[in-house]
Amino acid sequence: MDTYSISMVARDLGVGRATVRRAQQRLGLPTGAVDPDGLALLQIDLGTVFLIPGVSRESMLILAALALHPLGLRSVRAVARSAGVSSTTATRCLPILSALGLVERREEMVAEGRAVSVHMWFANVASAQWLRVDRAVRHTILPAARPGRAVVEIPQRMRHLFWNAPARLRIGGNEAYIAGRVLTASDPQGVAWASERLPRSAWLFAAGARGLSPRQRALAENLAQAAVV
């Protein structure tokens, strides 16, 4: 069976050897040489990036995260959390990516009980510059979410959909409720946001609820089919 040295794995993943060793310990893998199964686990845990000249590994993770959020991300912290990088790293990378024409920060009107103007970060997928990175972004695998990394609370811009729920409504444990609420609210942005975060089971449960129109039920079934988990 082929094995890979720590140095080889670190080079291929674009991280330091110490990062690989910490990931091995976290995943319960043997230290030292890495077998193919261990390499696959490390690729999922640390993320897999196809590098483009002039674009750092962390920047590629940010591009991949923004590409998965067509409605944009509201803050540097949200970008960092989604990409699996530190806020300091995101703060450093976003202006560089903006100068390269790969991301943009623009003003959007969102509903938060009332229309509110906010600034959001977007992947600039319509630009000519994006063509240079599109293939690499599509093949980038973001690091697996770990405790403290994933978004667990409903963002402010979506809380108008849950006006009678607890102020700090969390996604974990409330997936079916959230799916049902965004369906009955007929809010396109809410559906788009939830479709990126809720599992298949939540949409299937919502599809079986009473009071849905045939159109809403069909939407729930389609979202369940498209869900990755």
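Here, the structure is the one placed above.
Parameters and conventions
Residues numbered from 1 in each chain as written. Predicted model: local features only at pLDDT ≥ 70, side-chain atom pairs only at ≥ 80, totals over all residues. Heavy atoms only, no water. Helix = DSSP H or I, 4+ residues; strand = E, 2+ residues; numbered from the N terminus. Buried < 20%, exposed > 50% of the residue type's maximum accessible area, 1.4 Å probe, protein only. Contact = heavy atoms within 4.5 Å. Areas by Shrake-Rupley, 256 points an atom, 1.4 Å probe, with all protein chains shown as cover. Core = buried A, V, L, I, M, F, W, Y, C linked by side-chain atoms within 4.5 Å. Axes fitted to C-alpha atoms, helices over the stretch in contact; angles between N-to-C directions. Parallel < 35°, antiparallel > 145°, perpendicular 65-115°, else oblique. Left-handed = near helix turned anticlockwise from the far one by under 90°. Nonpolar A, V, L, I, M, F, W, Y, C, P; charged D, E, K, R; others polar. Arc of directions from axis to C-beta. Phe/Tyr/Trp six-rings, centres within 6.5 Å; stacked < 30°, edge-to-face > 60°. Lys NZ or Arg CZ within 6 Å of the ring centre and 35° of its normal. Polar contact = N/O pair within 3.5 Å; in protein donor to acceptor, adjacent residues only side chain to side chain.

(A) The arrangement of the overall build of the protein chain in detail. Broken down by element type, the protein chain carries 11 helices and two strands. For the protein chain, the succession of helices and strands along the chain, N to C, is α-α-α-α-α-α-β-β-α-α-α-α-α. Sorting the 229 residues of the protein chain into buried and exposed places 41% on the buried side. Excluding contacts between residues fewer than 6 apart, the proportion of contacts in the protein chain whose partners are at least 24 apart in sequence is 55%. Working note: accessible area of the protein chain is about 12,700 Å², and carbon and sulfur atoms make up 55% of it.

(B) Focus on the nonpolar core. Met60, Ile62, Leu63 and Leu66 are the most contacted members of the largest nonpolar core, which has 29 residues in total. Put simply, the parts of the chain that give this core at least two residues each are helix 4 (57–67), helix 5 (76–83), helix 6 (87–99), strand 2 (115–123) and helix 7 (134–138). Ranked by residue count, the leading element in this core is helix 4, at seven residues. With sequence-adjacent residues up to four places away left out, methionine 60 is seen in contact with Val49, Phe50, Leu51, Ile52, Val55, Ala136, Val137 and Thr140. In terms of nonpolar packing, the next biggest core, distinct from the first, is built from 21 residues, Ala179, Leu183, Val191 and Ala224 among them.

(C) Up close: the packing of helix 8 (residues 175–185) against helix 10 (residues 200–207). Where helix 8 meets helix 10, the axes come as close as 8 Å, and the angle between the chain directions of the two elements is 55°. The orientation of helix 8 relative to helix 10 falls into the category oblique. In this structure, helix 8 crosses over helix 10, and the sense of that crossing is right-handed. On helix 10, the residues that touch Glu175, Ala176, Ala179, Gly180, Val182 and Leu183 of helix 8 are Ala202, Trp203, Phe205 and Ala206. Each residue belonging to the contact of helix 8 with helix 10 can be placed in one class, and the counts come to eight nonpolar, one polar and one charged.

(D) Highlighting helix 9 (residues 188–195). Considered for burial, the residues of helix 9 that qualify are Gly190, Val191, Trp193 and Ala194. Down the axis of helix 9, the buried set is contained in an arc of 165°. They therefore lie on one face. Those residues of helix 9 that are buried are in contact with helix 8, helix 10 and helix 11 (214–226).

(E) Highlighting the packing of aromatic side chains. Under the counting rule described, the total for this entry stands at zero aromatic pairs. Here arginine 106 stacks its cationic end above the ring of phenylalanine 122, 3.7 Å away from the centre of that ring.

(F) Inspection of the side chain of glutamine 24 at higher detail. Within the fold, glutamine 24 resides in helix 2 (residues 17–27). The buried category is assigned to glutamine 24, whose relative accessible area is 2%. Among the polar contacts listed, one links the side chain of glutamine 24 to the backbone oxygen of glycine 32, at a separation of 3.3 Å.

(G) Spotlight on the packing of helix 4 against helix 5. Running from amino to carboxyl end, helix 4 crosses helix 5 at an angle of 100°, the nearest separation of the two axes being 8 Å. Judged on the interaxial angle alone, helix 5 and helix 4 are roughly perpendicular. Residues Leu61, Ile62, Ala65 and Leu66 of helix 4 form the contact with helix 5, whose own contacting residues are Val79, Ser82 and Ala83. Considering only residue class, the contact of helix 4 with helix 5 consists of six nonpolar, one polar and no charged.

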